[in-house]
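Close look at the chain arrangement
For reference, the chains in residue letters:
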Amino acid sequence: SSLLQSPFFNKIPPGNIRQLFLRFKTQKVAADEIILKEGERGDFFYVLEAGSAKVIDKLGNILAALRPGDYFGEEALVGDTTRNATVQMLTPGKLMCLEKNDFLTLLQEPVRRFITYEDLTKPSEQQSSYQIIDVRLPLERRFQSVPQSRNIPLSQLRKHLPNLDLSQVYVVTDDAGRRADVAAQLLNQAGYETLILKDASLHQAATH
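Here's what I pulled together on the structure shown here. Not measured: the values here are computed from a predicted model. (Residues numbered from 1 in each chain as written. Predicted model: local features only at pLDDT ≥ 70, side-chain atom pairs only at ≥ 80, totals over all residues. Heavy atoms only, no water.)

**A closer look at the sheet that holds strand S10 (residues 130-134)**
Strand order in this open sheet of five strands is S9-S14-S13-S10-S12, and the pairing throughout is parallel. Both edges of this open sheet fall to strand S9 (114-115) and strand S12 (149-151), since each of them pairs with a single strand only. For S10 and strand S13 (residues 169-173), the ladder comprises four bridges, and the chain directions are parallel. Within S13, the position partnered with Ile133 by the bridge is Val172. (Pairing = 2+ DSSP bridges. Helix = DSSP H or I, 4+ residues; strand = E, 2+ residues; numbered from the N terminus.)

Structure representation (structure tokens):
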């Protein structure tokens, strides 16, 4: 129930939710067991059903605590990259595990929406205010960027999420490749209305 009450799952069609719970596989885990390891390829999305866990970096620093209803592992699936942190159980517990293809079909595709620059900048009385987000590194946008875009590198996006404005639409430029998909997924999961700006590189201007 705590999972379904999250802002993200409110965006998922009911039919997908039903399929989701049919395809989850339950896994019992022991205290101190490592669920996923930094640097490894990602094959599953996880929901912590029972117990507690910690997210740690390669130096052993604790980045976050996980409790029942929390989910993790989505970044490597959306970005098709390696895990960026390690998750280790603190207590015995139980996980709900979803295979990568099921995650992408049931939880990413339904919320993945695009917009063109022309539609974004078209005057409209109904149009909500928007903020363009560029998740590339500052060095990558040193010479060119989409006008009026705000730079929040993907590695820093999670810590900025609590301070963003729920009344705004966030538009992620697609010039960051798979990082744009990851950023859009993180924003959607946090409850923000999010779009991906198509062909952003065609609308870049010199950065001053």
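What follows continues from the structure just given.
**Some remarks on the sheet that holds strand S5 (residues 62-66)**
Sheet architecture is open: four strands sit in the order S2-S7-S4-S5, paired in antiparallel fashion. Edge positions in the sheet fall to strand S2 (34-36) and S5, since each of these pairs with one other strand and no more. Adjacent strand axes in the sheet meet at a mean angle of 25 degrees, parallel and antiparallel pairs treated alike. (Axes fitted to C-alpha atoms, helices over the stretch in contact; angles between N-to-C directions.)

**So, the packing of helix H1 (residues 14-23) against helix H3 (residues 100-108)**
In a packed pair of helices, the relevant descriptors are the angle between the two axes and the axis-to-axis distance. The geometry of H1 relative to H3 is characterised by a closest axis approach of 10 Å and an angle of 160 degrees between their N-to-C directions. By the angle between their axes, H1 is roughly antiparallel relative to H3. By crossing handedness, the relation of H1 to H3 is classed as left-handed. In contact with Asn16, Gln19, Leu20 and Arg23 of H1, H3 contributes Asp102, Thr105, Leu106 and Leu107. Here the contact of H1 with H3 is built from residues that sort into three nonpolar, three polar and two charged. (Parallel < 35°, antiparallel > 145°, perpendicular 65-115°, else oblique. Left-handed = near helix turned anticlockwise from the far one by under 90°. Contact = heavy atoms within 4.5 Å. Nonpolar A, V, L, I, M, F, W, Y, C, P; charged D, E, K, R; others polar.)

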